[in-house]
Amino acid sequence: MTTWIDDRWYVAAWDSEVDSEPLARTICGEPIMLYRRLDRSLVAMRDACPHRLLPLSMGIREGDSIRCRYHGLLIDSEGRAAEMPLKNDPVNSALCVRTYPVADRHRFVWIWIGDPAKADPDLIPDLWPCSSAGWTFDGDYVRIACDYRLLIDNLMDLTHETYVHEGSIGQPELMEAPIETHAEGHEVVVTRWMPGIEAPPFWRGALKQEGLVDRWQICRFLPPSNVIIDVGVAPVGAGATVESHDQGVRGFVIDAITPESESASHYFWGMARNFDVDDPGFTARFKRQQGGVFAEDVAILEAQQRSIERNPDLSLRAFNIDRGGMKARVVIERLRKAQLSPAEMPPA
Amino acid sequence: MTTWIDDRWYVAAWDSEVDSEPLARTICGEPIMLYRRLDRSLVAMRDACPHRLLPLSMGIREGDSIRCRYHGLLIDSEGRAAEMPLKNDPVNSALCVRTYPVADRHRFVWIWIGDPAKADPDLIPDLWPCSSAGWTFDGDYVRIACDYRLLIDNLMDLTHETYVHEGSIGQPELMEAPIETHAEGHEVVVTRWMPGIEAPPFWRGALKQEGLVDRWQICRFLPPSNVIIDVGVAPVGAGATVESHDQGVRGFVIDAITPESESASHYFWGMARNFDVDDPGFTARFKRQQGGVFAEDVAILEAQQRSIERNPDLSLRAFNIDRGGMKARVVIERLRKAQLSPAEMPPA
Amino acid sequence: MTTWIDDRWYVAAWDSEVDSEPLARTICGEPIMLYRRLDRSLVAMRDACPHRLLPLSMGIREGDSIRCRYHGLLIDSEGRAAEMPLKNDPVNSALCVRTYPVADRHRFVWIWIGDPAKADPDLIPDLWPCSSAGWTFDGDYVRIACDYRLLIDNLMDLTHETYVHEGSIGQPELMEAPIETHAEGHEVVVTRWMPGIEAPPFWRGALKQEGLVDRWQICRFLPPSNVIIDVGVAPVGAGATVESHDQGVRGFVIDAITPESESASHYFWGMARNFDVDDPGFTARFKRQQGGVFAEDVAILEAQQRSIERNPDLSLRAFNIDRGGMKARVVIERLRKAQLSPAEMPPA
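Residues numbered from 1 in each chain as written. Chains lettered and ligands numbered in written order. Predicted model: local features only at pLDDT ≥ 70, side-chain atom pairs only at ≥ 80, totals over all residues. Heavy atoms only, no water.

Once chain B is rotated about the relating axis by 120° and shifted along it by 0.1 Å, it coincides with chain C to within an RMSD of 0.0 Å. This pairing of chains is accounted for by a three-fold axis. The rotation axis passes nearest to the C-alpha of E309(B) in chain B, at a distance of 13 Å. (Least-squares fit on C-alpha atoms with pLDDT ≥ 70 in both.)

Structural data, given as structure tokens:
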């Protein structure tokens, strides 16, 4: 059994990564090829010709089909053989490639690895800040040689910023604000609410206003392996609450994580924001800074993965600060074991 | 049990690769050292000193013997200890290195990996065009990280030329000529006879004559893992037939394949021809072109091998075009299981 | 079961390699971090934070403690948690990292991997020439990708010098002197005594005197995996004997070997001498030369290791010249199986 949930939507790529030429990417242990039809609709199929297993991603695009580069078997965009290597040979209609449910949503391409009959698009995690009016969103992709759950642990605990990001965004004050952790159905929420504090420079610049602020950092885990972090400030007295806080400036750190294997992950990260939305210079500067911060995490996470492999007699321990990550792991474990059908899912 | 036939002759090297200094090469999973005695006769032995297993190929040549570079044990060319590290110590006559039957034939060095009692030189595959009067032969060596049977599949099916060699020798017309496949004892023959066609530029230049030609491509698999492809053209009306076609110009693409391991192969390739035999410029140009074509195959075959390893739930399928390769695999399987003694072999 | 003795002192590092910043080194299969407290005393502990297993060697030194770079757990130099990531959280006193007995002796840092209750400092091998008045000692470190026992074999047999060190220190005459091998408790001694010979240039220069000399080479194996080689010359008639030979010039080749894994070793080598002790130029020249000689051994040993792995059907054989190495392996095997407590050890 794998360490991930099969019957779920995973981010396979940024929407802009997938185009007419096939993109090869191993997702949840399966070699997969992604491309778009002429009408821009998505195709995801196993990246192996059903004839002699050459990766189809090495093939030649013909209309919406892919012709294998080895012997020329033509596979249509539904994964069915459309033409044999010898054009006059009758096509064996049983000859097909496994295709995967795939969807464009929130600027990402989502894929469903498990039972396709269960692939309800309504189960795609609701990353609404990535695609809502009044918001702008950009980010990047990096592969990390670590178990995807280590990255979830990392994102559900903001105390690591003090040490991992000492030279960039770490601030000892963050450690002092109390944290509240709770579950909402299959989601896990870690809330840090900092009322009436001095706004740090980044947020003061975004708010364009002097004075004390209420500040928040709310990490939300959405299965199978996404974390969105609601961050921002509002002027004191504007009425911001944990439940509702659109009175100031607000952003979401978006983290979509997809297992490549038991020991490597695809990491799609970005920032959605509702301020300075028409300033591409802000977007570019912030993306560069955020990339630098995440590179610090990559170094730690890959060292942690190697250390886990080299110390098979030792186990991870959880402290108070790990409550969010631990609860997320409990959710993963529960869903993984049950492989719940959509009908069995509690309402979001 | 290995995937190859043990009791057979395999090409270990080009004849010119083996000289007085030992050549180390792993053949059918066994580390082997090859060299020539002062009289130019061949030696093949396990590449490990019987004392402390240092590769003997790192040793020092002394007459026809090899002195181990570690402690100086002297091994004669029959694999027997001839002198101990301390010269006065009596030699243990039981101390020996496994030697392998080895032979010079058809410009190659052949080795017999299995039971040496069965190593009948008459069983060396008859690659006569490599060493016959009126013919010239040259080629090269490349290691390919793939199962040797994938390379046999490749060579016994010429339809892949259209796609793999699209930019070099591929021609859509080749796909239209009918193919006939049959077995001859332990050999498999795939014949494509193209009567009365326009000669392609290469063959017109070789024939030095205008007009329509009969053209042929006849692939022959010779166990354990050799493929020779009889190619050429003769003027229409000259009387060329599938059985006899020396009326025009003729060549043989020579492919001798030797397993290194289950997932890597030695590939010795070349071209023998009976035209322009005294033109070394032709030889050099053709070898360079052929090397470029085979580099295209190497890229495909190594991608195929990796894909097979990454998709353990999928199997190779065979179409009509694979009939030659499939029949060759049946022969390999039959001989591999039986490990037939020479007496059990049907006449060639 | 490992191939080495657990309940013994191994060299972990040169004393000068270990300082205030942690040094990471895998010893007998265990990832370990070494550093010195402010008072220069030694600390050795498992190189993994007990919280999320990040290597502690990536951490931040605070006083004598190490703060983990991930979440800031503070580990004191006894391996106990001293401060939680959230400073106000109560410290779990059961939270600790395995520490290892460690000692400074003979210019090396020694570590005890097995049962710490048995870690008697009197069991540290007596490498007295490295730290005695009237002697000087220097050397270096190299990692070798081979089983540590292959290196012991190499050092307990001086006949390999003729071939491995043909271009450097090898001399055919060495092969002619008789060798005597015997055990002394858990130690093994190989003695070569060469009375009344012409001194080779190196030793004549060291002796600063003309005339015939008595020369010796006495290899001594000290468990778990150290070899010291007593070498030197004395003028004929000065009274040097195998038992007592301080009449001329004398040196010790020091070899401390520590398994990293079953197939890789740490090799700490050097030369201690009682002549020209105040000449650092001599020390530097000799160290450079000795490094070149050992590089020749590294090439042989790594080739031997690979050959052993590639020839699983073949075994190492022992000749007369291997008697010293074989006896050392017998001692290792005996101690390894018994994991003798100090009380069970015969007097040195």
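Right, let's talk about the packing of helix α1 (residues 148–155) of chain A against helix α4 (residues 280–310) of chain A for a bit. Residues and elements named next belong to chain A. Relative orientation of the contacting elements α1 and α4 amounts to 130°, with a least axis distance of 10 Å. In terms of axis orientation, α1 runs oblique to α4. Considering the relative orientation of α1 and α4, their crossing is right-handed. The residues of α4 that touch α1, namely those facing L150, L151 and N154, are D297, L301, Q304, Q305 and I308. Here the contact of α1 with α4 is built from residues that sort into 4 nonpolar, 3 polar and 1 charged. (Axes fitted to C-alpha atoms, helices over the stretch in contact; angles between N-to-C directions. Helix = DSSP H or I, 4+ residues; strand = E, 2+ residues; numbered from the N terminus. Parallel < 35°, antiparallel > 145°, perpendicular 65-115°, else oblique. Left-handed = near helix turned anticlockwise from the far one by under 90°. Contact = heavy atoms within 4.5 Å. Nonpolar A, V, L, I, M, F, W, Y, C, P; charged D, E, K, R; others polar.)

We now examine the side chain of R273(B). Residue and element names in this part refer to chain B. Relative to the helices and strands, R273 resides in strand β17 (residues 264–273). The buried charged residue R273 lacks any salt bridge partner; its closest oppositely charged side chain belongs to D276, at an N-O distance of 5.5 Å. Side-chain polar atoms of R273 contact the backbone oxygen of D279, separated by 3.3 Å. Residues within four places of R273 in sequence aside, it is in contact with G134, W135, T136, R250, G251, D279, F282 and T283. (Buried < 20%, exposed > 50% of the residue type's maximum accessible area, 1.4 Å probe, protein only. Lys, Arg positive; Asp, Glu negative; His and termini not counted. Salt bridge = Lys/Arg side-chain N within 4 Å of Asp/Glu carboxyl O. Polar contact = N/O pair within 3.5 Å; in protein donor to acceptor, adjacent residues only side chain to side chain.)

A word on the pattern of salt bridges. The tally for this structure, following the rule as stated, stands at 78 salt bridges over all chains. Between R37(A) and E78(A) there is a salt bridge, with its nearest N and O atoms 3.3 Å apart. Linking R37(A) in the loop between β3 (30–36) and β4 (42–46) with E78(A) in the loop between β7 (74–75) and β8 (81–83), this pair joins segments that are 41 residues apart in sequence. Under the relative-accessibility criterion, R37(A) is labelled buried at 16%. A salt bridge links K337(C) to E333(C); its shortest N-O distance comes to 3.7 Å. With K337(C) and E333(C) both in helix α5 (residues 323–338), this residue pair falls 4 residues apart, about one helical turn. The exposure class assigned to E333(C) is partly exposed, which follows from its relative accessible area of 26%. Three or more residues joined by partner-sharing salt bridges are found here, namely E30(A), R46(A), R98(A) and D313(B).

Our focus in this paragraph is the interface of chain A and chain B. If you look at the interface, chain A gives 26 residues, while chain B gives 30 residues. Both faces considered, chain A and chain B share a buried interface measuring about 2400 Å² in area, 58% of it formed by carbon and sulfur atoms. Among the residues chain A hides against chain B, the three largest losses belong to R52(A), L53(A) and Y70(A). Together they make up 32% of the total. Summed over the shared surface of chain A and chain B, the number is 2 salt bridges. For R52(A), the salt bridge is made with D153(B), and the minimal N-O distance between the two is 2.6 Å. Connecting chain A to chain B are 12 residue pairs in polar contact (both at pLDDT 80 or more). Along the lines of polarity and charge, the residues of the side of chain A that touches chain B split into 16 nonpolar, 3 polar and 7 charged. (Buried area = accessible area lost by both parts, 1.4 Å probe.)

Further remarks concern the sheet that holds strand β10 (residues 108–112) of chain B. Residues and elements named next belong to chain B. Taking strand neighbours across the sheet as the criterion, the 3 strands line up as β1-β10-β9 in an open arrangement whose pairing is antiparallel. The sheet is open, and its two borders are formed by β1 (9–14) and β9 (102–105), each paired with just one other strand. Averaged over all pairs of adjacent strands, the angle between their axes in this sheet comes to 35°, without regard to strand direction. Looking at chain direction, β9 and β10 are connected through 4 bridges and run antiparallel. Bridge pairing in β10 places A103 opposite W110. (Pairing = 2+ DSSP bridges.)

Okay, the side chain of T159(C) next. You can see T159(C) is positioned in the loop between α1 (148–155) and α2 (161–164). Here D157(C) takes part through its side chain, which lies 2.4 Å from a polar atom of the side chain of T159(C).

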